[in-house]
Amino acid sequence: TAEDNGKMPDKNVADAVERVPGVTISSQSGGSGGFDENDRVSMRGTNPSLTQTLVNGHSIASGDWFVLDQVGLVGRSVSFSLLPSELVGQVVVRKSATADLTEGGVAGAVDILTRRPLQFSKPVTLEAFAGGVYADLPDKTDGQFNALGNWKNDAGTMGVLVQAFWEKRSLRRDGQEILGYAQISPTSALATARPDLANVSYPTLIGSSLFEQERERRGGLIDVQLRPSADFEVDFTAFRSHMEATNYNRNWMFWGSRVIGTDNRVPTAYTVRNGTLVAA
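Residues numbered from 1 in each chain as written. Predicted model: local features only at pLDDT ≥ 70, side-chain atom pairs only at ≥ 80, totals over all residues. Heavy atoms only, no water.

J.: Can you walk me through the overall build of the protein in this structure?
T.: The secondary structure content of the protein amounts to four helices and 15 strands. For a compact globule of 280 residues, the expected C-alpha radius of gyration is about 19 Å, and the protein comes in at 26 Å, more than 25% above that figure. Its C-alpha atoms give the protein principal-axis dimensions of roughly 90 × 45 × 25 Å. Out of the 280 residues belonging to the protein, those deemed buried represent 37%. Considering only contacts within the protein whose residues lie at least 6 apart along the sequence, 66% involve residues at least 24 apart. Just so you have it, the protein exposes about 15400 Å², and 54% of that area is on carbon and sulfur atoms. Here the protein contributes 27 positively and 32 negatively charged side chains, and the mean placements of these two sets differ by 4 Å. (Helix = DSSP H or I, 4+ residues; strand = E, 2+ residues; numbered from the N terminus. Rg over C-alpha atoms; globule rule 2.2 N^0.38 Å. Buried < 20%, exposed > 50% of the residue type's maximum accessible area, 1.4 Å probe, protein only. Contact = heavy atoms within 4.5 Å. Areas by Shrake-Rupley, 256 points an atom, 1.4 Å probe, with all protein chains shown as cover. Lys, Arg positive; Asp, Glu negative; His and termini not counted. Charge placed at Lys NZ, Arg CZ, Asp CG, Glu CD.)

J.: Hey, could you run me through the environment of Phe120 in this one?
T.: Topologically, Phe120 is positioned in the loop between strand 6 (108-114) and strand 7 (124-135). Put simply, Phe120 and Phe165 are 45 residues apart on the chain and 20 Å apart in space, counted from C-alpha to C-alpha. Excluding residues within four positions of it along the chain, Phe120 makes contact with Arg115, Thr125, Glu127, Leu148, Asn150, Lys152 and Leu161.

J.: Is there a simple way to explain the side chain of Arg116 in this structure?
T.: Positionally, Arg116 belongs in the loop between strand 6 and strand 7. The exposure class assigned to Arg116 is buried, which follows from its relative accessible area of 18%.

J.: What exactly am I supposed to notice about the packing of aromatic side chains here?
T.: Counted by the stated rule, this structure contains zero aromatic pairs. Here the guanidinium or amino end of Arg173 rests over the ring plane of Phe211, the centre of that ring lying 5.4 Å away. Its guanidinium or amino end placed over the ring of Trp255, Arg258 lies 5.8 Å from that ring's centre, counting from NZ or CZ. (Phe/Tyr/Trp six-rings, centres within 6.5 Å; stacked < 30°, edge-to-face > 60°. Lys NZ or Arg CZ within 6 Å of the ring centre and 35° of its normal.)

J.: Can you help me understand the nonpolar core in this one?
T.: A general tendency of soluble globular proteins is for nonpolar side chains to be buried together. Membership of the largest hydrophobic core comes to 14 residues, with the highest contact counts inside it found for Val13, Val17, Val41, Phe80, Val91, Val110 and Ile112. Mapped onto this core, the elements with two or more residues apiece are helix 2 (13-17), strand 2 (40-43), strand 5 (88-94) and strand 6. Membership of the second largest hydrophobic core comes to eight residues, among which are Ile184, Leu197, Val200 and Tyr202. (Core = buried A, V, L, I, M, F, W, Y, C linked by side-chain atoms within 4.5 Å.)

J.: When you look at the sheet that holds strand 5 in this model, what are you seeing that I'm missing?
T.: Pairing between the strands of a sheet is mediated by backbone hydrogen bonds and can be parallel or antiparallel. Across the sheet, four strands lie side by side as 4-3-6-5; this open sheet has mixed pairing. Because the sheet does not close on itself, it has two edges, and the strands there are strand 4 (58-59) and strand 5. (Pairing = 2+ DSSP bridges.)

J.: Is there a simple way to think about the pairing of strand 3 (residues 51-55) in this case?
T.: For a regular strand, side-chain orientation follows a simple rule: the groups alternate between the two sheet faces. Burial runs high along strand 3: five of the five residues are buried. Going residue by residue along strand 3, you find Thr51, Thr53 and Val55 tucked away on one face and Gln52 and Leu54 tucked away on the opposite face as well. In this sheet, strand 6 lies alongside strand 3 in parallel orientation, the contact comprising five bridges. Bridge pairing in strand 6 places Thr51 opposite Gly108. Relative to strand 4, strand 3 runs antiparallel, the two sharing two bridges. Residue pairing in the sheet places Leu54 in a bridge with Ser59 of strand 4. Between strand 3 and the antiparallel strand that follows it, strand 4, lie two residues; Asn56 among them carries a positive phi value of about 55°.

Here it is, written out as structure tokens:
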């Protein structure tokens with residue numbers, strides 16, 4: 001519930017449901033490297049694309065900033081980085097499909113129920129939050145803001161809720177990418193010239209990467225709730241969330257499978273440790 005979320009520093013809905021047994025989360029996916037906010041939700045160790053995500057019972061889909069996340073195994077999953085925790089009135093996690101649910105959740109469903117105007121105890125409620133986050137690698141401080149206003153009449157038969165959020169994040173990752181190893185063939189020209197390199201493992205492709213990204217998430221929620229009697233209720237909801245993620249990636253790469261494997265270039269100096277070529 002919203003009260004549970006408030007006890008922990010949850011940035012989005014994925015952070016909130018992480019504490020439910022049988023639910024696992026991941027930061028982005030293996031394609032982009034996995035970093036920053038928790039982004040994907042899985043049921044009992046299955047792929048995130050098998051989890052159905054709902055907002056107030058309606059199925060949703062989302063785009064991704066990383067091209068390889070737009071196809072393949074995670075192509076049908078939802079990015080929870082678009083769903084800030086401030087929206088949550090309650091999250092219902094169902095670990096198996098039932099007949100009353102929208103189809104599509106093979107492993108289960110996560111239904112995000114937003115806050116309702118008539119759930120508030122006072123006729124007028126105003127809430128606001130302003131904060132900032134400092135990221136040490138990009139050496140930047142970015143602002144974060146969300147606000148909520150709610151009104152309901154004294155009879156409790158009509159209410160209006162308006163909510164808005166805005167958040168900016170600056171990210172940077174300095175990494176080394178190792179994309180496989182192979183062994184130098186004993187019959188190769190390289191092993192003939194340097195017999196001590198026979199059967200030595202070498203990196204087929206390695207890279208020194210520098211990744212920078214700026215994210216800006218903004219959106220809001222409008223809810224009009226009418227309950228003229230205990231037996232009749234109408235609710236109108238509009239929700240929008242938009243994230244821009246501008247990124248710049250540089251990678252200095254060494255194509256070992258070509259230089260050492262195909263071309264058999266003979267190094268003038270090299271270092272072998274534990275049967276692996278570590279420098280040349």
